[in-house]
Amino acid sequence: MSYRSPIYKTQAEWLSAKNKQVLLFAMSGLGKTYLSSMLRAAGGWFHYSVDYRIGTRYMGEYIADNFKSEAMKVPFLRELLLQDAVYIASNITFDNLAPLSTYLGKPGSPQKGGLPFEEYMLRQNQHMRAETAALLDTTHFIRRARSIYNIPNFICDSGGSICEVVNPEDPKDPILSELSTHNLMVWIEGSDAHTDELVRRFDRAPKPMYYQPQFLERKWVEYRVERGLKEDEVNPDDFVRWTYRQALEHRQPRYDAMARNWGITLKAEQVATVRDEQDFTQLIASALPK
């Protein structure tokens, strides 16, 4: 299969388009949110964050209920909650997705801050459904950006786990078919050095993330067999650190297939040189056929 988004077939079509629509995909930390925020600040670009949509529209109630469950363990707050005297909600933003990450959690010993694996998988499944819905909302937000705000250009800042909820080798994949019809799909490809740096960052501050269920279940068994641990003996931070590089390696060919079959590729080194809208527009053009 060889497929490119029909929305801009050539450099000339892209450069002359009155309405530019782009979806960025890559591992977290390679420039998706940097580019999206820069373009939004420049004006003329609507920034749609898939992770923000997940955390507000689709998982906001789960997140708030988790906060309330913790608050109910504190007698002082319990009384206030039962009297409807306090209001608890997450303050999720484009730049701070901590409430969503905290809710997803990590599997392992509850004494070390982990979740029972069954509960962890339940939350992973909730995220999968939410991410699918948020991605399919992209077209609605393109229309919304124009009809309400009169903003001509659109950039979708997708989550790092987009490659886990699509099949890039299926020419009829419903999510990719919808997204590529309305957006130029752009992969920001990192180098081995970028991967090493992402692993170093994650090692310093391991964060919850979404994994494809088959991959996650396999790694959960492999990790415990390798270390001879029961489920409630697993250190959650150690498990996600052990899994992270393997997750990057698992995602790389999936991103590659998305770019090969559905869009274009930019190098992370190129993205790092972008300073304004003109740089971005020219960089996209350079990746399209003449």
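This text goes with the structure placed above it.
We now turn to the structure provided with this report. Note that this is a predicted model, so its numbers are computed, not measured.

### Structural notes on the side chain of E189
Inspection of the secondary structure puts E189 in strand β4 (residues 184-189). On the basis of relative accessibility, which here comes to 19%, the residue E189 falls in the buried class. Side chain to side chain, E189 and K267 meet in a polar contact 2.8 Å long. Ignoring any residue separated from it by four or fewer positions in sequence, one finds E189 in contact with Q252, T265, L266, K267 and A268.

### What about the pattern of salt bridges?
The full count for this structure, using the stated rule, is 17 salt bridges. Here R123 and E119 are joined by a salt bridge, their closest N and O atoms 2.8 Å apart. Here E119 and R123 lie together in helix α7 (residues 117-136), a separation of four residues that amounts to about one turn. Overall, the relative accessible area of 26% leaves E119 in the partly exposed class.

### What to know about the packing of helix α3 (residues 50-58) against α7
Where α3 contacts α7, the axes come no closer than 9 Å and their chain directions differ by 115°. As summarised for this structure, α3 and α7 are arranged roughly perpendicular, according to the angle between their axes. Every pair of crossing elements has a handedness; the one defined by α3 and α7 is right-handed. Of the residues in α7, those touching α3 at V50, R53, I54 and Y58 are H127, A130, E131, A133, A134 and L135. Grouping the constituent residues of the contact of α3 with α7 by class yields seven nonpolar, one polar and two charged.

### Quick word on the pairing of β4
In terms of residue burial, β4 counts as a mostly covered element, since six of its six residues are buried. Side chains of β4 alternate between two faces, with L184, V186 and I188 and M185, W187 and E189 buried alike. Direction of pairing for strand β1 (residues 21-25) relative to β4: parallel, over a ladder of four bridges. Pairing of F25 across the sheet is with W187, part of β4. In the sheet, β4 pairs with strand β5 (residues 263-267) via five bridges, with the strands oriented parallel. Looking at the pairing, I188 lines up with L266 of β5.

### With respect to α3
Looking at α3, one finds that the buried residues are V50, R53, I54 and G55. Elements that come into contact with the buried residues of α3 comprise β2 (45-49), α4 (60-71), α6 (98-104), α7, α8 (138-147) and β3 (153-157).

### Things to note about the sheet that holds β1
Reading across from one edge, β2-β3-β1-β4-β5 is the order of the five strands in this open sheet, with parallel pairing throughout. Strand pairing shows two members of the sheet lacking a second neighbour, β2 and β5, which therefore form its edges. The average undirected angle you get between the axes of adjacent strands in this sheet is 25°.

### Focus: helix α9 (residues 174-182)
Turning to α9, its buried residues are I175, L176, L179 and S180. Taken end-on, α9 shows its buried residues confined to a sector of 110°, consistent with a single buried face. Contacts from the buried residues of α9 go to β1, α7, α8, β4 and α12 (236-262).

### A few points about the environment of S90
Residue placement: S90 occurs in the loop between α5 (75-82) and α6. Note: C-alpha distance between S90 and F141 (51 residues apart in sequence) is 23 Å. Residues contacting S90, with those up to four places away along its chain left out, are I63, F67 and P99.

How each quantity is defined
Residues numbered from 1 in each chain as written. Predicted model: local features only at pLDDT ≥ 70, side-chain atom pairs only at ≥ 80, totals over all residues. Heavy atoms only, no water. Helix = DSSP H or I, 4+ residues; strand = E, 2+ residues; numbered from the N terminus. Buried < 20%, exposed > 50% of the residue type's maximum accessible area, 1.4 Å probe, protein only. Polar contact = N/O pair within 3.5 Å; in protein donor to acceptor, adjacent residues only side chain to side chain. Contact = heavy atoms within 4.5 Å. Salt bridge = Lys/Arg side-chain N within 4 Å of Asp/Glu carboxyl O. Axes fitted to C-alpha atoms, helices over the stretch in contact; angles between N-to-C directions. Parallel < 35°, antiparallel > 145°, perpendicular 65-115°, else oblique. Left-handed = near helix turned anticlockwise from the far one by under 90°. Nonpolar A, V, L, I, M, F, W, Y, C, P; charged D, E, K, R; others polar. Pairing = 2+ DSSP bridges. Arc of directions from axis to C-beta.

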